[in-house]
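The primary structure of each chain is shown beneath.
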Amino acid sequence: LEADLAALDFQWLRKMSAKCGCEGLYEVNLWAGASGGYTPIHYDTTQNFLCQISGRKRLLLFPPNQTHLLYPFPAWHPQWDFAMVDAEVPDTERFPACNRLSGLEADLEPGDTLFLPTHYWHYVKQCEGDETISLNFWLGSKKCE
């Protein structure tokens, strides 16, 4: 892990942050996951890069213009930035519009980096048989759009 982290190109991250119109890196998060683990559909309020260090992940991505098809929790709810639709087993009786979702899939392997724009919905799943480590590099400030 130490060698993987030492190999990160922070100059590249700074350069890409500037190209996105943000003022440097805001925060870095380390994510560790077990085989088959997942994070439900949600969005981030800041642009970020998801860098895969070890293991593999699959992401489902949905643009902000499909928010209404994901049935987000209400603004006052503790999970206000999460969708009520379950990516694994969508309840089409309860959430019929989710049948019209059209997203993208992204498979991340060690060394891959994915840019996640602000408010882009995503579901993240650790691949079976893999323990994963990822880093999120949040760009600019919380107000950076």
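Computed from a predicted model, the values in this text were never measured in an experiment.

Parameters at a glance
Residues numbered from 1 in each chain as written. Predicted model: local features only at pLDDT ≥ 70, side-chain atom pairs only at ≥ 80, totals over all residues. Heavy atoms only, no water. Pairing = 2+ DSSP bridges. Helix = DSSP H or I, 4+ residues; strand = E, 2+ residues; numbered from the N terminus. Axes fitted to C-alpha atoms, helices over the stretch in contact; angles between N-to-C directions. Contact = heavy atoms within 4.5 Å. Phe/Tyr/Trp six-rings, centres within 6.5 Å; stacked < 30°, edge-to-face > 60°. Buried < 20%, exposed > 50% of the residue type's maximum accessible area, 1.4 Å probe, protein only. Arc of directions from axis to C-beta. Salt bridge = Lys/Arg side-chain N within 4 Å of Asp/Glu carboxyl O.

Caption draft 1: The sheet that holds strand S1 (residues 25-33), seen in detail. Pairing is antiparallel in the open sheet, where four strands are placed in the order S1-S8-S3-S6. Only two strands of the sheet have a single partner each, and these edge strands are S1 and strand S6 (113-116). On average, adjacent strands in this sheet sit at an angle of 20° to one another, irrespective of strand direction. Against the sheet, helix H2 (residues 10-19) engages S1, strand S3 (48-54), S6 and strand S8 (132-139), with an angle of about 155° to S3.

Caption draft 2: Here's a closer look at the packing of aromatic side chains. For the structure on display, the rule yields five aromatic pairs. On the numbers, 6.0 Å between centres and 35° between planes, the contact of tyrosine 38 with tyrosine 123 is tilted. Here tyrosine 38 is found in strand S2 (residues 38-42), whereas its partner tyrosine 123 is found in strand S7 (residues 121-126), with 85 residues between them in sequence. Ring geometry for phenylalanine 49 and phenylalanine 115: centres 5.4 Å apart, planes at 55°, overall tilted. With phenylalanine 49 in strand S3 and phenylalanine 115 in strand S6, the pair connects residues that are 66 residues apart, well separated along the chain. The class for phenylalanine 49 is buried, based on a relative accessible area of 5%. Taken together, the aromatic side chains of Tyr43, Trp80 and Trp121 make up a single cluster linked through ring pairs.

Caption draft 3: Focus on the sheet that holds S7. Strand order in the open sheet formed by four strands is S2-S7-S4-S5, with antiparallel pairing between adjacent strands. Either end of the sheet is taken by a strand with one partner, and the two such strands are S2 and strand S5 (104-108). Taking the axes of each pair of neighbouring strands and ignoring which way they run, one obtains an average angle of 15° across the sheet. Where strand S4 (residues 57-62) meets S5, five bridges bridge the pair, whose relative direction is antiparallel. Counterpart to lysine 57 in the pairing with S5 is leucine 108.

Caption draft 4: Broad picture of unusual backbone geometry. Positive phi is not limited to glycine here, since tyrosine 71 has a value of about 55°. Its location among the elements puts tyrosine 71 in the loop between helix H3 (67-70) and S5. Overall, the relative accessible area of 22% leaves tyrosine 71 in the partly exposed class.

Caption draft 5: Fine view of H2. Residues of H2 that are buried include every one of Leu13, Met16 and Ser17, and no others. Along the axis of H2, the buried positions cluster into a sector of 105°, meaning they face one direction only. H2 presents Gln11, Ala18 and Lys19 as exposed residues on the side facing more than 90 degrees away from its buried surface. Among the structural elements, S1, S3 and S8 are those in contact with the buried residues of H2. Positive phi appears at glycine 21, one or two residues downstream of H2, with a value of about 80°.

Caption draft 6: Structural detail: the pattern of salt bridges. Scanning the entire structure with this criterion turns up four salt bridges. A salt bridge links arginine 58 to glutamate 105, with the nearest nitrogen and oxygen atoms 3.6 Å apart. Taken together, the residues arginine 58 in strand S4 and glutamate 105 in strand S5 connect sequence positions 47 residues apart. Take arginine 58: its relative accessible area is 37%, and that puts it in the partly exposed class.

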